[in-house]
Structures are given as C-alpha cells and as structure tokens.
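# Close look at the chain arrangement
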Amino acid sequence: MVSMNFSDFQKRVRKILETELPDGRLIRDEGSILARDIKIGRTAFMEKMGVTSEAEYKRQCIKDRRIMYHCHIGMNTWDETARALKRLYQVAEYNGFVQDRAGICLDRRMGLPESHRFNVPAETGPTLDSMQDWLDVGQAAPIQPHMGDFMIGFPAATENTTRALQAGVTTIGNLSQYFSHEVPMWKDGVRTAVETAKAISIMGVFRDQGALMHSYLDDGLGALFFDCATVAGWAYLERYIVEELLGAKLSHCMGGLISDPVKRSGWVFALDEIHDHDCIGSMFFGDTISFTKNFDTNRGLVAEYMLWDIMTQMECPTGHALLSIPVTEAVRIPSLEEIVEAQFFARRLEDVARRLLPHFDFSGAKAFASQVVRGGREVYRKAMEGLNEAGVDTQDPVQMLYVLKRIGPAVFEEMFGVGDEETSLPRGRVPQVANDVFEKSRECIELNRSLFADPEAQETFGGLKVLLASTDVHEHALFVIENLLRTTGAEVINLGPEKNPDEVAEGVLVNRVQVVLVSTHNGMALEYAKVLLAEMEERDVQVPIIFGGVLNQKVDEEIMPVDVDEDLVRLGIIPARTLEDLVNAGSSLCSGPAGKDR
Amino acid sequence: MTGRISSFILGIDAGGTFTDAVLVDSDNGHVVGAAKAPTTRASLDHGVSLAIEKLGRQIGWESLRQVRSVNLSTTLATNAIVEGSFSHTALILIGYTPNTFTLGKGDSLGASRLIHVDGGHDYYGNERKPFDEESLREKVIELRSQVEAFAVSGFYGVRNPSHEKRAREIIQELTGLPIVCGFELSSQLNSVKRATTAALNAALVPVIKDLLDSLTQSLLSFRITAPIMVVRGDGTLMSASWASVHPIETILSGPAASMMGALHLAESESATCFVVDMGGTTSDLARITDGKLDIRPEGASVGTFRTMVKAVDVRTIGLGGDSEIHLGRPGELFVGPRRVLPLCRAGMSKERMTSLLKDGDDDFKFPLFLLPGKGKLPPGHSTETRILEEVGDSGVSCEKVLQRFRDHKAVEAAIGFLQRTGCISVCGFTPTDALHVLGSLSLGDRALSLIGAERLATVFGAECAADFSKDVVSTVSRKLAEYLLIDCLSMEGVSEESLKDRLTDLLLCKLLDSDAKGSLCLRGSLSRPVLGVGAPTSAFCRVVESRLSGEVEVPPHSFVASAVGAAIGSRSLKQAVLVAPLSDKEHFRAHLPLGVKDFETLDEAISFACEKMKEHLGHNAQKVGIRDCEMQVRREDDRIVLKNGKELFFGTTLWFELNDRDFKENPDCC
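Every chain is numbered independently, its residues counted from 1 as its sequence is written. The order in which chains are written sets their letters, starting at A; the order in which ligands are written sets their numbers, starting at 1. Since the coordinates come from a predicted model, pLDDT governs what is reported: local features require at least 70, and pairs of side-chain atoms require 80 or more to be given and counted, while whole-chain, interface and lining totals use all residues. To obtain the side-chain values, all non-hydrogen atoms of the structure were included, while hydrogens and water were left out.

Okay, the overall build of chain B next. Put simply, DSSP H or I for four residues or longer makes a helix, DSSP E for two residues or longer makes a strand, and each gets a number counted from the N terminus. For chain B, the count of helices and strands is 21 helices and 31 strands. For chain B, whose C-alpha radius of gyration is 27 Å, the value lies close to the compact-globule estimate of 26 Å for 670 residues. In terms of principal-axis extent, the alpha carbons of chain B reach across some 85 × 60 × 60 Å. With 670 residues in all, chain B has 55% of them scored as buried. Whether two residues are in contact is decided by their heavy atoms: any pair within 4.5 Å suffices. A separation of at least 24 residues holds for 67% of the contacts in chain B among residues at least 6 apart in sequence. Surface exposure here means Shrake-Rupley accessible area, sampled with a 1.4 Å probe, where a residue is shielded only by the protein chains that are shown. By element, 50% of the accessible surface of chain B is carried by carbon and sulfur atoms, the whole surface being about 28,700 Å². Computation of the radius of gyration draws on C-alpha atoms alone. For the globule rule, the value is 2.2 Å times the number of residues to the power 0.38. Partly exposed residues are those whose accessible area sits between 20% and 50% of the maximum for their type, while under 20% is buried and over 50% is exposed, using a 1.4 Å probe and protein chains only.

Following this line, the structure appears as structure tokens:
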C-alpha cells in the first residue's frame, strides 16, 4: 500500500516545479497594491451591531460568552435569497433571537473570472453580476453574510475578494476548496494559485480591520486524510501560508465530517491551540455524515451534536458560529421554513446546554485535542523539512500553494504522516487518531465481513486476481472493498484513487489480473467506461469490468447527474451499486467476457 | 487486342490441392470454360501455368489472350503464415509497454526481432512521450543487415500516425528496405493486433512479390498481358502492385473467393445465404448478406496469429470428404480430423485391398493402410526407416505396423512425418468412399470403397455396406448441420463457450436427430438458403436439408467456385477515419492517416476529413486499380442517449469506400 519513498517524492516535486511559476513575493506585493483602492463596506448587520467587521463582532461574542449561529441559504436566484434573508430576520426578530450570519450558496461559476463565467453552463445557486448585487448581499437584511464557497481559492479570487470586502463581507473563503475543488472548464492551475495568493494578501492588508480568511478543512484535504494528526498538521501548514507568508488572519472551520461528539468538541480545543489561543473561527459545520433520509432521526442527531457544540463554545469560546442543519438537507435543498425551524431548535437547545454544562466532562475532548495537536506539530515539522529538501521554496506562497495542491492528500499523508508504519494499511500507517471517515470505513468492513465470508462469495472471488481503482478521491471506498475482497481469498491489487482509464488498463496488462473493479462517485461513470474499454482494447486486454459506487453521469448543461447502470450493462460492464451487488456480480463474472487468450 | 475491350476475365484460384482457372464473360457472368490442375506447392506459378494451359486448349487461346484482367486468389500468404515460411523482419514498437509481449501468449508477433522505442500517443492522439529517434537510428543500423523488411507500430498510432511516419522516414533513409506501418493497415484500436498485422505484412512482402513476378512471367509466356488483380480476404480485388505492398490483405482470399463464386453461380436469387465449402481436409462455413461477405469484425486469425485484416468470417471445421472414418464401440463411428487417401483412389487391385483389410483382428477400429509415396526420407530417422521397410512397394495395414512396434505413440508420430514428407500415403475409408458406395459420387473406384465398407460394416454392426455408408453420410451431415446451427446462434450473439453445456447439447440433439426419443420434439429451419461448394458437398447438403428445413443448392461449376469468385470480384478501397471530441470537449480532432487536425466544431472537422480523404483515397485508388468511380461516405455517430434524453457524444467514424466493378449485372454499383 506504500506507493513512494522520499526519492520518488522528490522526483514528483521536481516534476511539478518544472511548471513556470511567478515569484510569490511579487504576487503578495501586487495584492497589497490592489488593496489600496479597496474600502471595506458596511453591512446592515454591522450597522445594527455597531461593529466594523464580523471579526470584531466575534470577539465581542467571545468576551460575552455568546453563541453565534450560522445558517445556509441555498436558493436558486439572488431575489429568492434576498427574500429568504429578510424573512429569516423578521422571524428571528419576532421570536427574540439573533440570526448572526448566513452563508450564501452561490453558483460554482462565481469562481471563474467574469469574462469566462457566461460561457459555462449554469449550476445551482445565484451569481452576483454587478457591484449593486454585491452591495445588496450586505443590505438585504441585518444578517452578516459569509462568502465561503468559490471565492478565494479560484481563478476569480482577486475580483471576488475585492467586491466582497467592498460589500462589507469580511469573512471570505475558502482556502480548503483551493486544494480539492475546481471550477468548470478551467485548466490554468498556475493562475488559480496566483489569484489565490493575491486575494489572501489583500485579506492580509485588512487583517487589522477584521478580515478573516475562512478555510473549511472538511471541504478540502482535511476530509481526505485518515489521521486527525495529519489534519492538524495541515491546519498548521495553512496557517503558515496564510498568516506567515501572506499576512492574513486564518479562520478555520470544521465539523461536517465529524460525528463523534468527543472529536467535535476536541477539534474546537485543538483549533484554539493551533491558533495560539487567538482562534477566531468562522463557523463550526453540522455533522452531515450521520444524516439519513428519515427527518425524525435527523432531528435527534441535530440535538445531539448541537448540544455538544454549544457547550463546547461555552467552555472554549472561539467565535465559531454554530450550524443547526435543517432535517431535510440530505434529501432536498431546505425551504426557508425548514431553515427557520432548525434555527429555533438550536436556540431551545442552547437553554438546555446552559443547564447541562456544569455536569459535563471535557477531559476526553481535551485529551483528543492535545494528542492531535502534538501529532499535528510533528506533521507540520516533517512537511516543512520535506518540502524544503525536495526543492520547494517554502517562503514562496505561490510555490507552496501550487505544489501542495499537486501533491494531493494521499502522498502528503504517506510522506509526512506520523502514525506507526504498517504497510498493509492505506498510506502505510496506523493513524494516531483515526478520523471518523476512516473509522466508519472500518465499521463498514466489520459490518459486511459476513457477506463476503459467504461460501458463494468465496467461490466467486477466491483465488481471483482483482485490480481495484477509483476514478475520484474516494480512497475510503477502495479501502473497504479491498479488505472485504481479501476475506474471500482474492488477491487484490489496489491502484488507488484518482486513476485515469489508461492507468487502469495498464494495471490490467502489467498485473495480469482477472477482474477490474472501478469505484466511481464523481458523475463520470459512462464516459470513463467508454475510454477504459478503448484503453483496454488498445492494450489487447479484456477482462470482466465491475463498476461500483454512484453510477451516474453528468451532462454539461444538466444539474443532476443521470443514472447510467443500463448504459454500462450495454457496454458489457457489470454494475454494482452496493456491496451485495458486488457479491452477486459473481454470476455475471462467470458468464461475462472471458479473459482474452493472450 | 481487338478494337473492342474484351469482356472476358480470367479467374485463377491457386488452392492447397488444386489450381483452378476459369474464363468468365463479364457481360453476362457466364463461365465460358474451366480447368483444374494439381497445385505445385514448391512453385505455385507452375500449377497456374498447367491450369491455364488446359483452359487454353479447352476454349482456344484467342479468347484467353484477350482477357481484360487476370484475377488471382491464393492461399500463399495464409500457408506461409501457418507454416512460418516467411522472411526475417524487425518489428519496431513505439511507446508499447516493454513487457507487453512477454506477459501473455502474444509473444509471437510474426517478426524475428522486436525493438522497443520510446514514444507513442494517447487515446486522444496526444503525444504520450517524445519519439526517441536516436535510439531508433542506433537499432536500425545494428539490424539492417539481419532482416529483409521492417514493420512499425506505434501505441495509439491510429489516433496519431506521426511517430510511425517519422520512423518510416528514418528507416527508409538508413536501409531502403520495405517498411510497413500499422496505421496503413488498420484504423482500429488494438496495438497488439496492429503490430502482428504489420509484422506479418512485412514478412510476406518478399513471398508475394516472388509469386506475382513469376506469375507475370508465366502469363507472358502465354502472351497474356492483362493486368493482374489479387483477391483480398473480404472477396474484393486489388492490383498486383497494391498486393505486393499489402500482402497481408490476401489472407483467407481463397475461402472468400469461393463463397462469392458460389453466390454468383447459384440459381437462387437470394443474395443472403450460408455457403458451405467442403474440401478434402476441412469444410468452410461463411455467410453472405445482401451480396456481401460477412466480415469478422475483430479481424482474421491465421494459425496462432490474430490480425486486423478485414476478412471473411469463416468457420473452418475439421471435416472433409477425405476425413478418416474410424470406429468406437459397436454402432459408434467418428469422422476426422486426419485426412487420408480415400480407398477409391488407392489405385490397387481388389484382391490387394481385400488382403490388406484382412490384417488385424475382428474388432479393428482404424481401417488404415500405408502406401508408398514418392518422397525421400532424410537420413537419421530409424523408426521411419523401419516403417518404410514394412510399407515396401505394395503397402501395409496400420494394424500390422502397430503390431510390430511397442511404442504406438512413436509410430503415430513417425507415420505423420512420413505422410508430410510424401514418403507414404495413409489410405483409409472416408466420407468420399461412403458416397461412392451409395452411388452419389464417382470420382474413383467404387469397388475398392465397397470392400472397405463391407469390412467396416461387420465391425460396426451394420447389416450391409450401404447401411454403413448411409450412417457415415448421416454422421457427416449431422456435423455440418450442427455447425450451421452454432453459426446461426453465434450470429444472435451467443458465444460458443456458452453452448457447451448439457442443456444446449440436449436441445441440439432434439433439433438435429429426427429419431430423438422423448416427449419433446424440436424442428429448426434456416432463415437463409445454404449454398454448397465442392464435389462431395451435394450429397451431404441434401441430408442437412432433411435435418434443418431450408433451401439447399449446389450450384453448377461450384467445383471451380473460387476461381469464379476471383473473376467476378470488384476492385475496392475502404478506409475509416475517426473524428472525436478532445478532452476539453470544446475541440474536435480529425484522426486522419495523414495526421491529426483540430477544429472548433464537429462539422468543420468532418468536412475537412471528407475533403482530405477524397484526395488521399483518389490517389490510392489508382494504385489499387480502381478507375473513375464515386467515393461513398457513410457516417456512424457514437452517441449514447441517457435516461433524461440528453446525449453523450463520443465521436464519429467516417467510412470511405470506392468500388469499381467490371460486371454489369448490378448497374447501380458505382
């Protein structure tokens, strides 16, 4: 499972650095010059609260031990969004609570420079097309807007940051998205890194005026590390780039992928430590991985995590606004009523939390924090040394951004992780503190072990040589399937995540496998299958192919990907949406295309 | 030549056993004359000369000298591949995974030397690695004195031929030897088959050139100066000069010509049929749909080689008129796969035959005997020498030979060797003998067949020689019918692997055996008529007809069907070109044999491809021997319509085709 040693890493970094990059210091200076023409605007919320930035407000909340609440508004148009903000404010006023802030879910195209935006198909959410639109964001209602998605970290970072600040939005993100997201039809990775660095340096100029560089770790590489210690190390690294190299104040956010209450709490303590007890968090996201399609179950889940989150903020105030997720979110875009209901619910929980707090024991959470921070520091140290040694100018923000993105999470953790070495595990290590996704993967393996221990499964896969690969970043799915297939006696060759069809076909040829299993979740199943078949044909290899995961296909102008199971079957591919399907694929394997007599 | 352009075409088929020559009148398609001569394996043109000589004597030299074209179908390339008797070549593989050919069984590509060079392209035709010209130069210089030709195949060379073309320039500059590139022979994906095709083609260049040169000389000796055309594996024709550069295209030209000849000769008006061509050793089964041979989409296989050649989809069965009949338990008889000399052609007295068949005990199952041949045994073969001593001048039964030696396996091997070297003939009872016994065929001495049938009938448990012979005919016919059924099922997409189960076996029995017992009775009928080719086919096909209802016809002159098929062929040139979106989906690339070019719209790319291919094919058409005729373009879009009605587009294949025919029976053609 170990894919590279330091020498390989060094070669990869050198290859990455063959790309011509501008001097990051000059880019920082460019940002500072641009900032001279910017004046932070005043939002209706700032007027109402008498502050000049959200950061100032947050510091007041910390001081007053007040809990801040966040909500997400995901309407399709700006008009609907503005109406929702107004209505939310009215409901809050009427019921006597403060709705502190709202995240506006904008169209992904907002990450593209304005000149490119309109050649690309629309997605969900509004776009802000004029300066007036931007100003309206801050004036629609006295709720402080949070500009998290598709701002900094994308090609339009500089222009979006400028306008957001002018509109009075002072918490802008999302650095984590820079590392794991792309905007449609954009391929210039250098420009993305440059614009990101430039925008952060603008935020740096306004650091003392309360500008907060938001980074939601679970929306970036944080979600893709197996060890919480690596996440902490990565947080240190982001802080270094944002604060040391570009002078801005970094505001870390987490929560969406953490379901263990001890860890949720623990991360707040840890972030406080990582930020030297001057942590000003943007928000703490609700637990999305535990959500089900059953709204009543979800209500219980929200109660559980909100209670913890509120009490943690009371114990360790970091300014993180808390998000009570509407119970319908896993099924549909929540309506205004559902958003309001969730907010109400949170305020009621706050009453309970205040009563319960004295009876709570945070020692587990604090122990967790201390462990991940200790590990994180070690990861950070190793990463800085390793990057330096591999030839990266760690003083150059553009180089750091560009190289770290190209390295990716798997290589980063493999090279700089701190868990004990264990070659049979993904990334070659035992996580010091396994994150919840990793633990859920392990639970999934245990839960399904009997399914694969079944004699029929053993007969189907036992002794077979299987090639496993993923079209996307979902390494966890590979980890689960690899372990389960091994229980049948199959020999599994795991090529890893983000493999292109040519790499998979080459893997089939070189490893002489008898079956290929491709895991896919990124809406490209059919296109991938067509190219894979061609790549295999060109190499004269033909073995049964199973596609597992979410078998759908995006079509440019459509928002929702389309199911393509039947189309895959027509191409001769065996679809397996579930682990049961995978076991049942045995019968298809027997009658499927036989291994070509080469 | 007289003033009028001759309407006669000379068709020649240089087959494995016989060489046939026919003269066909292209005005009406009639066979004016036909002649047969034994094939001379050592030099095919000698057999061709003999056949032409016979034909000339039969129809008069005047008509023969005025032919407008001499069309040849030949098994030379196929035989050379199967026997491995081709020239030394080097195969240059550009950008292939170095161990591709050592990992599997595909390590024999038909080339004596494999050279790996860095380079190659990807799925989209983008360069995957720069082409390592220097390394190629070094290797070519090292090899140029050791090989007779070069073949070049690039990874994804069909998506971008630039590296193959550059390699050709370099080899040309350094050697002057014949070179063939993979992209010139196929436009399909599969780098292994393209490499095999290129390598075999290169290896066959000297072989086919020798044949065509000597044939030209032979024709000149008869004062025949008409251009030579050669039949391809898909039944179409190409000029001799094109064939000498693309000899691989001649593989399976014999069966292809035979099938097309059968269709031409048939009285049945259906242009969609099965054709069964029964020879001495094997039978070929193929399909014709709307007047065109069904082509094997994955390319023709010859021996252990899988190629990209678009040739007739022929199913070859180890069942022929001269297949050996041997017995199992009482009531059980087997046919083939060994080819033997039928008893009726043993050329001996009845007394001698009777005496030979008396050897052995009453339950002998291999009624074979060995007759002396003309071949000379090379020194150093002791077992073979001892067997030859047993054979003597008048022959010996196999039973007797086996009794003399302990190691029966060694004897079998030695007999095989002696047979191949022509030192002996193995003679035995065959389906041809059964037909002689029943009076359905009279090519040899029926009395000798009858002696064999009587002897075998006793062991088999049949009442008389005729009953036994009927059982033989029935068994052969059943096998033919079974293969027809399997072929029908394979057309429906059923794999042969999946037919190998008990239920399928049972259902086939129910369908084919009229006396099958049980409560289920199945009857099948064929949706297209069956044309039979070859002397013994007629009788067997009649029995097939009784098992599977359908029309069966053995056309007149079918004994020279291949030569007729050669004569009536059309000159043709086909090429496919892919136009596909690039990974950004904003540009479209035309993957032309001339190189790649990108466009912003699909229509622009298609227009460009059509324009360039018109020039390219127009130029090649002259080389193939095609005169003025319009290029046909067929467009095939690769699209998938998703559940929501939206489409995913993967590319457009443009099929360009030029067809030029001497025959007037289909005035619509070109």
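Residue and element names in this part refer to chain A. If you walk across this open sheet you meet the three strands as 4-5-6, and the pairing is parallel. Since the sheet does not close on itself, it has two edges, and those belong to strand 4 (171–173) and strand 6 (249–253), each with one partner. Adjacent strand axes in the sheet meet at a mean angle of 35° when their direction is disregarded. Summarising the sheet, strand 5 (residues 212–216) and strand 6 pair through five bridges and their orientation is parallel. Its bridge partner lying in strand 6, H214 is registered against S251. Any two strands between which DSSP finds at least two bridges are classified as paired. Orientation is described by axes fitted as lines to C-alpha atoms, over the contacting stretch for helices, and by angles from 0 to 180 degrees between their N-to-C directions.

Here the focus is a negative patch on the surface. Nonpolar side chains (Val, Leu, Ile, Met, Phe, Trp, Tyr) are joined into patches within 5 Å and like charges within 9 Å, using only residues with over 30% relative accessible area and no salt bridge. By definition, a salt bridge exists where a carboxyl oxygen of Asp or Glu is found within 4 Å of a side-chain nitrogen of Lys or Arg. Charge counting follows a simple rule: Lys and Arg are positive, Asp and Glu are negative, and His as well as the terminal groups are ignored. Throughout, a charge is located at the NZ atom of Lys, the CZ atom of Arg, the CG atom of Asp or the CD atom of Glu. On the surface, a cluster of negative charge is made up of E586, E600, D603 and E604 of chain B. Take E604 of chain B: it is sitting in helix 21 (residues 602–624).

The next thing to look at is the interface of chain B and chain A. Chain B puts 31 residues into the contact, and the matching count from chain A is 29 residues. Here the quantity called buried area is the accessible surface, traced with a 1.4 Å probe, that two parts lose on coming together, added over both. Approximately 2,800 Å² of surface area, both sides summed, lies buried where chain B meets chain A, with 54% of it carried by carbon and sulfur atoms. Inspection of the region where chain B meets chain A yields three salt bridges. In this structure, the salt-bridge partner of R194 of chain B is E538 of chain A, at a minimum N-O distance of 2.5 Å. When its residues are assigned to classes, the side of chain B that touches chain A shows eleven nonpolar, nine polar and eleven charged. Three categories are distinguished: nonpolar for Ala, Val, Leu, Ile, Met, Phe, Trp, Tyr, Cys and Pro, charged for Asp, Glu, Lys and Arg, and polar for the others, with Gly belonging to the last.

A word on the packing of aromatic side chains. Residues and elements named next belong to chain A. Classification of ring pairs uses Phe, Tyr and Trp, with its six-membered ring standing for Trp, and accepts pairs whose centres are within 6.5 Å; under 30 degrees between planes counts as stacked, over 60 as edge-to-face, and the remaining range as tilted. For the coordinates displayed, the defined rule picks out 32 aromatic pairs over all chains. Judged by centre distance (5.7 Å) and plane angle (45°), the rings of F6 and F9 are tilted. Separated by three residues within a single helix, F6 and F9 lie in helix 1 (residues 6–16), roughly one turn from each other. Ring centres 5.0 Å apart and planes at 10° place the aromatic pair Y216 and F285 in the stacked group. Here the residue Y216 occupies a position in strand 5, and F285 occupies one in the loop between strand 7 (283–284) and helix 13 (295–315), the gap between them amounting to 69 residues.

Before going further, it helps to examine the sheet that holds strand 8 (residues 321–323) of chain A. Residue and element names in this part refer to chain A. Taken together, five strands build an open sheet; the order of strands is 3-2-1-8-7 and the sheet is parallel. Two strands in the sheet have a free side with no partner beyond their single neighbour: strand 3 (144–146) and strand 7. Bridge count for strand 2 (residues 101–104) against strand 3 is three bridges, and the pairing is parallel. Bridging from a neighbouring strand, G103 pairs with H146 of strand 3.

Take the confidence of the model for chain A next. Residues of chain A with pLDDT of at least 70 account for 95%, and the chain-wide mean is 90. Predicted confidence is poor over residues 591–598 of chain A, with pLDDT under 50, and the contacts of this stretch with residues over four places away or in other chains come to 23 contacts. Along the chain, pLDDT gives the predictor's confidence residue by residue, from 0 to 100.

Residues and elements named next belong to chain B. Counted under the stated rule, the structure contains 67 salt bridges over all chains. Linking D294 and R287 is a salt bridge whose minimum nitrogen-to-oxygen distance equals 2.9 Å. There is no split in this pair, since D294 and R287 are both buried. Across the pair D313 and R296 runs a salt bridge, and its minimum N-O distance is 3.1 Å. On the criterion of sequence distance, the pair formed by D313 in the loop between strand 15 (305–306) and strand 16 (315–317) and R296 in the loop between strand 13 (292–293) and strand 14 (301–302) is long-range, its members being 17 residues apart. The network of salt bridges with common partners includes R287, D294, R296, D313, R315 and D487.

Residue and element names in this part refer to chain B. Position of L573 relative to the elements: it lies in strand 27 (residues 571–581). Since its relative accessible area comes to 5%, L573 is described here as buried. Taking the C-alpha atoms as reference points, L573 and D660, 87 residues apart in sequence, are found 9.1 Å from one another. Setting aside residues no more than four positions away along its own chain, L573 makes contact with R232, W242, L617, N620, A621, V624, I626, F656, E657 and L658.

The subject of this paragraph is the state of the cysteines. Counting rule for disulfides: a pair of cysteine sulfur atoms within 2.5 Å. One pass over the full model with this rule turns up zero disulfides over all chains. No disulfide involves C71 of chain A; its nearest neighbouring cysteine sulfur is the one of C105 of chain A, lying 9.4 Å away. A disulfide-free cysteine, C464 of chain B has its sulfur positioned 19 Å from the sulfur of C344 of chain B, the nearest such atom. Classification of C464 of chain B as partly exposed rests on a relative accessible area of 33%.

A separate point is helix 2 (residues 24–35) of chain A. Residue and element names in this part refer to chain A. To estimate how far a helix should reach, multiply one less than its number of residues by 1.5 Å. Spanning twelve residues, helix 2 covers 17 Å between terminal C-alpha atoms, matching the ideal 16 Å at 1.5 Å per step. Packed against the buried residues of helix 2 are helix 10 (189–205) and helix 16 (397–416). One side-chain oxygen at the N-terminal end of helix 2 lies 2.9 Å from the backbone nitrogen of R25; it belongs to D23. Any pair of nitrogen or oxygen atoms within 3.5 Å is treated as a polar contact; in protein, a donor-acceptor pairing is required on top of that, and neighbouring residues in sequence qualify only through side-chain atoms on both sides.

A few words on a nonpolar patch on the surface. The grouping of L503, L506, L507 and L520 of chain B at the surface amounts to a nonpolar patch, some 350 Å² of accessible area in total. Classification of L506 of chain B by relative accessible area gives partly exposed; the value is 47%.

On to the packing of helix 1 of chain A against helix 16 of chain A, then. Residues and elements named next belong to chain A. It is the contact of helix 1 with helix 16, at a shortest axis distance of 10 Å, that shows an interaxial angle of 175°. In terms of their interaxial angle, helix 1 and helix 16 are classed as roughly antiparallel. The residues of helix 16 that touch helix 1, namely those facing F6, F9, R12, V13 and I16, are Y402, V403, R406, I407, V411, M415 and F416. Split by residue class, the contact of helix 1 with helix 16 holds ten nonpolar, no polar and two charged. Roughly parallel means an angle under 35 degrees; roughly antiparallel, over 145; roughly perpendicular, 65 to 115; everything else is oblique.

A separate point is unusual backbone geometry. Here the bond from G173 of chain A into N174 of chain A is cis, since omega is 20°, no more than 30 degrees from zero. Within the element layout of this structure, N174 of chain A appears in the loop between strand 4 and helix 9 (175–180). A positive phi is found at N190 of chain B, a non-glycine position, where the angle reads about 130°. With respect to the helices and strands, N190 of chain B occurs in the loop between helix 7 (182–185) and helix 8 (191–221). According to the relative accessible area criterion, N190 of chain B is buried, its value standing at 0%.

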